[in-house]
Amino acid sequence: MSKKDKYDVQKFTGIPVETDADGKYQLKVDQNGDAKLHTWRTGKHTRGKYQGPGQLMLTENNLPVVILAAEPMAFKNRHSETPLQRFLTVKVEDDVLDQGLAVLNRQN
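Residues numbered from 1 in each chain as written. Predicted model: local features only at pLDDT ≥ 70, side-chain atom pairs only at ≥ 80, totals over all residues. Heavy atoms only, no water.

*Asks:* Sorry if this is basic, but what is going on with the overall build of the protein chain here?
*Replies:* What the protein chain contains, in helices and strands, is one helix and six strands. Considered along the principal axes of its C-alpha atoms, the protein chain spans approximately 50 × 30 × 20 Å. With 108 residues in all, the protein chain has 36% of them scored as buried. Here the protein chain has roughly 6900 Å² of accessible surface; of this, 44% comes from carbon and sulfur atoms. (Helix = DSSP H or I, 4+ residues; strand = E, 2+ residues; numbered from the N terminus. Buried < 20%, exposed > 50% of the residue type's maximum accessible area, 1.4 Å probe, protein only. Areas by Shrake-Rupley, 256 points an atom, 1.4 Å probe, with all protein chains shown as cover.)

Written as structure tokens, this is what we have:
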């Protein structure tokens, strides 16, 4: 693959979110009350810009996810992660971000 076809790849760790009755984003939890971490990556056609933890993104299946961490990823390793569709300009409330970061810290 030529250099001009390569692009910067970042790996994102996040938790899916859903809106509550007030229209605010909350972490999506399973029947045990646990939120699950998942990873995605930027793709060639990913739209928008990453601004920082707490920002929302949409997966290719239109699932909203709060981004908790980002790290560079080698271009050659990009096929090990699912690409995301777009970054949104919306951020979650600080308390929701703190809950997500607590889940991330427990898993590390």
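After presenting the structure, the write-up continues.
*Asks:* Honestly, the packing of aromatic side chains in this entry has me stumped. Any pointers?
*Replies:* Overall, the coordinates contain four aromatic pairs when judged by the stated rule. When the ring of Y50 is compared with that of F87, the centres are 6.1 Å apart and the planes differ by 45 degrees; the resulting orientation is tilted. Of the two residues, Y50 sits in the loop between β3 (38–41) and β4 (55–59) while F87 sits in strand β6 (residues 82–91), which places them 37 residues apart along the sequence. The class for Y50 is partly exposed, based on a relative accessible area of 25%. Site record: aromatic cluster; members linked through ring pairs are F12, Y50 and F87. The positively charged end of R78 is found above the aromatic ring belonging to F75, 3.9 Å away from the centroid. (Phe/Tyr/Trp six-rings, centres within 6.5 Å; stacked < 30°, edge-to-face > 60°. Lys NZ or Arg CZ within 6 Å of the ring centre and 35° of its normal.)

*Asks:* Is there a simple way to think about a negative patch on the surface in this case?
*Replies:* Where like charges cluster on the molecular surface, the negative patch consists of E93, D94, D95 and D98. By secondary structure assignment, the location of D98 is in helix α1 (residues 94–107). A relative accessible area of 48% means that D98 is categorised as partly exposed. (Patch = residues over 30% accessible without salt bridge, like charges linked within 9 Å, V, L, I, M, F, W, Y side chains within 5 Å. Salt bridge = Lys/Arg side-chain N within 4 Å of Asp/Glu carboxyl O. Lys, Arg positive; Asp, Glu negative; His and termini not counted. Charge placed at Lys NZ, Arg CZ, Asp CG, Glu CD.)

*Asks:* How should I be thinking about α1 in this particular structure?
*Replies:* Three- or four-residue spacings in an α-helix give side chains the same orientation, since the helix completes a turn every 3.6 residues. Here α1 contains 14 residues, and its C-alpha end-to-end distance of 20 Å stays within 8% of the 20 Å for a straight helix at 1.5 Å per residue. Every buried residue belonging to α1 is among V96, L97, G100, V103 and L104, and all of these are buried. Buried residues of α1 fall within an arc of 120 degrees about the axis and therefore sit on the same side. Summarising the geometry of α1, the exposed residues directed more than 90 degrees from the buried face are D94, N105 and R106. (Expected span 1.5 Å × (residues − 1). Arc of directions from axis to C-beta.)

*Asks:* What is the right way to look at the pattern of salt bridges in this model?
*Replies:* Should the charged atoms of two oppositely charged side chains come close, the side chains can pair. Overall, the coordinates contain two salt bridges when judged by the stated rule. A salt bridge links K11 to E81; its shortest N-O distance comes to 3.8 Å. In this pair, K11 is assigned in strand β1 (residues 9–19) and E81 in the loop between β5 (64–73) and β6, connecting sequence segments 70 residues apart. A salt bridge links K36 to D30, with the shortest nitrogen-to-oxygen separation between them at 3.2 Å.

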